Amino acid sequence: MPNLLILGGTTEANALAKSVADQGIPATYSYAGRVDNPRSQPVPMRVGGFGGAAGLARYIHEHGVSHVVDATHPFAAQMSRNAVDACARAATPLAALTRPAWVAQDGDNWQHVPDIEAAVEALAGPARRVFLAVGRMHLHDFAAQPQHHYLLRLVDDPDALPLPKSDVIVSRGPFSVEEDRALMERHHTQLIVSKNAGGTGARAKLDAARALGLPVLMIDRPTLPKRTELANVTQVLDWLAHT
Ligand code: NAP
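Residues numbered from 1 in each chain as written. Predicted model: local features only at pLDDT ≥ 70, side-chain atom pairs only at ≥ 80, totals over all residues. Heavy atoms only, no water.

### Regarding the sheet that holds strand S4 (residues 67–70)
- Strand order in the open sheet formed by six strands is S3-S2-S1-S4-S5-S12, and the pairing between neighbours is parallel. Two strands bound the open sheet, and with one partner strand each, they are strand S3 (45–47) and strand S12 (228–230). Taken over all neighbouring pairs, the strand axes of this sheet differ in orientation by 25 degrees on average, direction set aside.
- When strand S1 (residues 4–7) meets strand S2 (residues 27–31), the two strands line up parallel, connected through four bridges. Of the residues in S2, the one forming a bridge with Leu-5 is Thr-28. (Pairing = 2+ DSSP bridges. Helix = DSSP H or I, 4+ residues; strand = E, 2+ residues; numbered from the N terminus. Axes fitted to C-alpha atoms, helices over the stretch in contact; angles between N-to-C directions.)

What follows is the structure, given as structure tokens:
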């Protein structure tokens, strides 16, 4: 019987947890502990960092983990690099449950930047009303462009904000195109800043931007080491059965 460790925090990881629970496959779901009330899962959960690649290798060994599925967000690059390193050390099979990056369609007006730093630089210039959809962890980087009025959508109410002019919406996805369109109209949004997360959970803002003819500053994904990449839960279950 496998004993699966799911590195989670995404819609895709939640779907995998549901499937393995339904099939009675032993699994543990790991959260980093970034949000106040993580969504409850149908398999046992653990919360908090492992202590780098060495800590994860130790965890795998001590808990008899047979397979690791990295279903973290495409921008959780440190965790993904640690998973590759730890699984190599522990000689434990690793697969990533990934989702394709979003691709611009007709009517989209995207400017691509390679990382957060480049996104901050690209915001130099006159004040605009910016929907900054990058999550709480990177807000401090945008303090270098304090002239803009930022619309922020966060999972938890922030204690303090590094941005002098901002509106905060506390809400957890998935979001609909109609809601996002209405949100941007209400806030007179002129530009959207987005990570190229892929998947469906956060896609609505891009469809809303196209409908409103608004430009998007798209932050491309970090490069990750080579690993087995699977596109959906069925592929993960097949991999578990055959590896
Ligand atoms: P990160 O920068 O790659 O990870 C930093 C450290 O956080 C890791 O080295 C690890 O600590 C710990 N960590 C990250 N994910 C973990 C997990 N699932 N279980 C246990 N420890 C974890 O990660 P991040 O970008 O801050 O993302 C953190 C979590 O939020 C992930 O679960 C990710 O799926 C989710 N998330 C991220 C984004 C995003 O835009 N980055 C968006 C939505 C959800 P140790 O080195 O101590 O093990």
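### A closer look at the environment of Pro-38
- Relative to the helices and strands, Pro-38 resides in the loop between S2 and S3.
- On the basis of relative accessible area, Pro-38 is assigned to the partly exposed category, the value being 28%.
- Placed 117 residues apart in sequence, Pro-38 and Val-155 show a C-alpha to C-alpha distance of 9.9 Å. (Buried < 20%, exposed > 50% of the residue type's maximum accessible area, 1.4 Å probe, protein only.)

### Overview of the domain arrangement of the chain
- The assigned domain composition of the chain is domain 1 (4–100 + 223–242) and domain 2 (110–219).
- Distance between the C-alpha centres of domain 1 and domain 2: 28 Å.
- Buried area between domain 1 and domain 2, both sides added, is near 950 Å², and the carbon and sulfur share of it is 51%.
- Per-residue buried area on domain 1 facing domain 2 is highest for Arg-34, Arg-39 and Phe-75; these three make up 47% of the total on that side.
- Along the contact surface separating domain 1 from domain 2 lie zero salt bridges.
- For the pair domain 1 and domain 2, the number of links is five residue pairs in polar contact (both at pLDDT 80 or more).
- Its residues assigned to classes, the side of domain 1 that touches domain 2 comprises five nonpolar, two polar and five charged. (Domains from an automatic or database assignment. Buried area = accessible area lost by both parts, 1.4 Å probe. Salt bridge = Lys/Arg side-chain N within 4 Å of Asp/Glu carboxyl O. Polar contact = N/O pair within 3.5 Å; in protein donor to acceptor, adjacent residues only side chain to side chain. Nonpolar A, V, L, I, M, F, W, Y, C, P; charged D, E, K, R; others polar.)

### Describing the site of the ligand
- Taken together, 22 residues lie near the ligand, and Gly-8, Ser-30, Phe-50, Met-79 and Lys-195 sit nearest.
- In the environment of the ligand, an oxygen atom lies 2.7 Å from a nitrogen or oxygen atom belonging to the backbone of Phe-50.
- Asn-82 is positioned such that a nitrogen or oxygen atom in its side chain is 3.2 Å from an oxygen atom of the ligand.
- In isolation the ligand offers 800 Å² of accessible surface; the protein chains occlude 77% of this area.
- Counting residues per element, the ones that place at least two in the shell around the ligand are S2 and helix H3 (77–90). (Near = heavy atom within 4 Å. Areas by Shrake-Rupley, 256 points an atom, 1.4 Å probe, with all protein chains shown as cover.)

### Here we look at the pattern of salt bridges
- Under the defined criterion, the tally for this structure stands at nine salt bridges.
- A salt bridge links Asp-85 to Arg-89; the shortest N-O distance between them is 3.1 Å. You can see Asp-85 and its partner Arg-89 sitting in helix H3, four residues apart, about one turn around the helix.
- Note on Arg-89: relative accessible area 51%, which makes it exposed.
- For Asp-207, the salt bridge identified is with Arg-203, shortest N-O distance 3.1 Å.

### Describing the side chain of Gln-145
- Mapped onto the fold, Gln-145 is located in the loop between strand S7 (129–133) and strand S8 (149–154).
- There is a polar contact of 3.1 Å between the side chain of Gln-145 and the side chain of Gln-147.
- Ignoring anything within four residues of it in the chain, the contact list for Gln-145 reads Val-120, Glu-121, Leu-123, Ala-124 and Tyr-150. (Contact = heavy atoms within 4.5 Å.)

### Here's the deal with the packing of aromatic side chains
- Overall, the coordinates contain two aromatic pairs when judged by the stated rule.
- Taken together, a centroid distance of 4.7 Å and an interplanar angle of 50 degrees make the contact between Tyr-29 and Tyr-31 tilted.
- On the basis of relative accessible area, Tyr-29 is assigned to the buried category, the value being 0%.
- Above the plane of the ring of Phe-175 lies Arg-153, whose end atom (NZ or CZ) is 3.5 Å from the centre. (Phe/Tyr/Trp six-rings, centres within 6.5 Å; stacked < 30°, edge-to-face > 60°. Lys NZ or Arg CZ within 6 Å of the ring centre and 35° of its normal.)

### Some details on the sheet that holds strand S10 (residues 191–195)
- With respect to topology, six strands assemble into an open sheet ordered S6-S11-S10-S7-S8-S9, the strand pairing being parallel. Each edge of the sheet is formed by a strand with only one pairing partner; in this case those strands are strand S6 (110–113) and strand S9 (166–170). Going across the sheet, the axis of each strand differs from the next one's by a mean of 20 degrees, ignoring polarity.
- As paired strands, S8 and S9 are joined by five bridges and run parallel to one another.

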